[in-house]
Amino acid sequence: MFKHHDILTVDQFSLADIRTIVTEAEKMRTLVAKKGGSDILKGKIMTALFYEPSSRTFGSFITAMQRLGGGIIPLQGVTYSSVSKGETLHDTVQTFSQYSDVVVIRHPEVGAAAVAAQASTKPVINAGDGVGEHPTQALLDFFTIQHHFHAVSGLTVTMVGDMLNGRTIHSLSKLLSLYPGIRMHFVSPEILKLPAGLSADLKKRGIALREEEELDGMLKSTDVLYVTRVQKERFTDLDVYDKIKTKYIISRKTLEKMKKSAIVMHPLPRVGEILPEIDEDPRAVYLREQMRNGMFVRMALLKLLLTA
Ligand code: NCD
């Protein structure tokens, strides 16, 4: 089902696929706890080709491959490669698909991972294509929610920040829409609302969704508060960015209005939208479970793509 397949968008996943990934990721959690890793990917090589900055996605893919015994070609800051001499994405990807067994790519343009998949003779994993998608982040976010609450249906998920440019929002909302009974709230300034096509698509799938500018009214009913930063790099006018970047700040006061059973997530990096004063609150999972789950999910995906 997964072997040799690209991972480009969450649209490609069925509920059964997601169950398979979650089951594998749980096994990886146990494996890491018991032994640190294994050698099932010994002899396999992963290229990580990153044309945009990354800490967690890059780092967790690297450690995922290494914990399973595989090797890596880590290319972060692709400016130091032949790309700086004008090489096309096509040629770069062709090259690394000759050397390695899987290519993980992050790129500023929507659709770049799909272009890479055309050029590659090996599976390509989209690690973020501009304002498009970030399917592996959605999987780890889903895994975190599922692990915490066991059942996803019936939950109220409130996403706050940059709905327009946040690729993690785009992927996660589509993935969650596979689960009936889920309620989604999208909270943003007017100019950062969900892309119209995406909200129409979610509504067509029968999702109960609300788009709001104010967060306060949403907090009481929220089970998952998914916070994102305003995506500065997507703005041409930085004055506009400066005006809205701190519209929502999650603090102790915010958490006081939320359920004891809720969780607060963030794909990170945060740039002021969650105050460190809540980091030790048991509901804050962004610096703990959510991050570690990224490693387990990426271990699971690499195993599924590269072994029978
Ligand atoms: C996100 C991304 O790159 O889209 N980060 C991540 O992968 N964990 C979110 C962001 O940069 O705001």
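Our structure's up above, just so we're on the same page.
Residues numbered from 1 in each chain as written. Predicted model: local features only at pLDDT ≥ 70, side-chain atom pairs only at ≥ 80, totals over all residues. Heavy atoms only, no water.

Undergrad: Residues and numbers for the site of the ligand, please.
TA: With respect to spatial proximity, the complete set of residues near the ligand consists of Thr57, Arg106, His134, Gln137, Arg167, Thr168, Arg229, Gln231, Pro267, Leu268 and Pro269. Note that an oxygen atom of the ligand is positioned 2.7 Å from one of the side-chain N or O atoms of Arg167. Take Gln231: an N or O atom from its side chain is 2.8 Å from an oxygen atom of the ligand. Against a free-state accessible area of 310 Å², the protein chains account for coverage of 93% of the ligand. According to the grid-proximity analysis, the pocket containing the ligand is the largest pocket. Partitioned by chemical class, the residues of the shell around the ligand number three nonpolar, five polar and three charged. (Near = heavy atom within 4 Å. Polar contact = N/O pair within 3.5 Å; in protein donor to acceptor, adjacent residues only side chain to side chain. Areas by Shrake-Rupley, 256 points an atom, 1.4 Å probe, with all protein chains shown as cover. 1 Å grid on protein atoms, 1.4 Å probe; cavity = no way out; pocket = protein on both sides within 12 Å on 5 of 7 lines; lining within 4 Å. Sits in = over half its atoms within 2 Å of the grid points. Nonpolar A, V, L, I, M, F, W, Y, C, P; charged D, E, K, R; others polar.)

Undergrad: Which residues make up the pairing of strand 1 (residues 45-50), and what values go with them?
TA: Among the six residues that make up strand 1, five are buried, leaving the element largely enclosed by the rest of the structure. Summarising the sheet, strand 1 and strand 2 (residues 71-76) pair through six bridges and their orientation is parallel. Counted as the bridge partner of Phe50 is Gln76 from strand 2. At this point the chain moves from strand 1, through helix 2 (residues 56-67), to the parallel strand 2, and the crossover so formed is right-handed. (Buried < 20%, exposed > 50% of the residue type's maximum accessible area, 1.4 Å probe, protein only. Helix = DSSP H or I, 4+ residues; strand = E, 2+ residues; numbered from the N terminus. Pairing = 2+ DSSP bridges. Right-handed = clockwise from strand over helix to strand, strands pointing away.)

Undergrad: Now, about the sheet that holds strand 5 (residues 156-160): what can you tell me, with residues and values included?
TA: Strands belonging to one sheet form pairs held by backbone hydrogen bonds; the direction of such a pair is parallel or antiparallel. Within the open sheet, the five strands sit side by side as 7-6-5-8-9. Their pairing is parallel. The sheet terminates laterally at strand 7 (208-212) and strand 9 (263-265), the two strands that pair on one side only. With direction set aside, neighbouring strand axes in the sheet form an average angle of 15°. Across five bridges, strand 6 (residues 183-187) lies against strand 7 in parallel orientation. (Axes fitted to C-alpha atoms, helices over the stretch in contact; angles between N-to-C directions.)

Undergrad: An account of the pattern of salt bridges is needed here, citing residue identities and associated values.
TA: Inspection of the entire model under this criterion finds 17 salt bridges. A salt bridge links Lys257 to Asp216, with the nearest nitrogen and oxygen atoms 3.1 Å apart. Here Lys257, found in the loop between helix 9 (252-256) and strand 9, pairs with Asp216, found in the loop between strand 7 and strand 8 (224-227); they are 41 residues apart in sequence, far enough to count as distant. Close ionic contact of Glu233 with Arg229 constitutes a salt bridge, the shortest N to O distance being 2.8 Å. Residue Arg229 is classed as buried on the basis of its relative accessible area of 15%. Shared partners join several salt bridges into a network, and the residues in it are Asp11, Glu133, Lys174, Asp201 and Arg205. (Salt bridge = Lys/Arg side-chain N within 4 Å of Asp/Glu carboxyl O.)

So, to be careful, I would describe these as geometric facts and stop short of saying anything about function.
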